[in-house]
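# Geometric and topological summary
One letter stands for each residue in the lines below.
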Amino acid sequence: MPVDYSGTWNMLSNDNFEGYMVAINIDFATRKIAGLLKTQKVIRQDGDSFTMKTLSTFRNYSSSFKIGVEFDEVTQGLDNRKCKSVVNWVGDKMVCVQKGEKGNRGWTHWIEDDQLYLDLYCEDQVCQQIYERKP
Ligand code: 1AG
C-alpha cells in the first residue's frame, strides 16, 4: 500500500526557518512575522497528482504538480522567484528540486509515525518542519 499524504496537517515544529528565509532573501520585517506562524498543510493526493496548500494567518501558498513532470513554479508571496521544479518519489519520500536563481534549492516530504516531515533547503540552509494530523 503506497503512502498517502492526503489530509490536513498542523505544524508542530519549525527548525531553522530563519536560516532558510535568510537564504531566499526574505527581508527582516517579513521574517519576524513569518517566524511566528504555525502553518497548516492541506494535501490532496490523487495517484501521482498533488495539490499542496500551505495556509497561515499571514499568507497562503499553493502548488499543484504531477510526480516526474517538470513545472514552472512561481513562489508567489514567498520570495517571488521563478523555478523549474520537479517532484520525484525516492522510496516513499517526495523529493522536489527547484531549479532557478538559487542554488541547491528544493524540499523533501516524508511521513514517519503518522507525522508529516518537510525539509526545505536552499544553499547551505535546511529548515525542518514537522506536522501532525489535524485531530
Ligand atoms: C513549500 O513547501 C514552501 C511552502 O514549497 C511555504 C512554506 C514556508 C514559507 C517559505 C518561505 C518564507 C517566505 C516568505 C515569508 C512570508 C510568508 C510566510 C508564509 C508562510 C505560509 C505560506 C513544499 C510543499 C508545498 O509543502 O509546495
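Reference entry: report on the structure contained in this document. (Residues numbered from 1 in each chain as written. Predicted model: local features only at pLDDT ≥ 70, side-chain atom pairs only at ≥ 80, totals over all residues. Heavy atoms only, no water.)

Looking now at the side chain of Gln-45. For Gln-45, the location among the structural elements is in strand E2 (residues 40-46). From its side chain, Gln-45 meets the backbone oxygen of Val-3 in a polar contact 3.5 Å long. Not counting the four nearest positions on each side in its chain, Gln-45 is found in contact with Val-3, Asp-4, Tyr-5, Ser-6, Phe-50 and Trp-89. (Helix = DSSP H or I, 4+ residues; strand = E, 2+ residues; numbered from the N terminus. Polar contact = N/O pair within 3.5 Å; in protein donor to acceptor, adjacent residues only side chain to side chain. Contact = heavy atoms within 4.5 Å.)

Further remarks concern the packing of aromatic side chains. Scanning all chains against the criterion turns up 7 aromatic pairs. Between Phe-50 and Phe-65, the ring centres sit 5.5 Å apart and the planes meet at 10°, which makes this aromatic pair stacked. Here Phe-65 lies in strand E4 (residues 61-66) and Phe-50 lies in strand E3 (residues 49-55), a separation of 15 residues in the sequence. The buried category is assigned to Phe-50, whose relative accessible area is 2%. The class of Phe-65 is buried, set by a relative accessible area of 5%. Seen from their ring centres, Phe-65 and Phe-71 are 5.8 Å apart, and the 15° between their planes marks the pair as stacked. In this structure Phe-71 comes out as buried when scored by relative accessible area, which is 14%. (Phe/Tyr/Trp six-rings, centres within 6.5 Å; stacked < 30°, edge-to-face > 60°. Buried < 20%, exposed > 50% of the residue type's maximum accessible area, 1.4 Å probe, protein only.)

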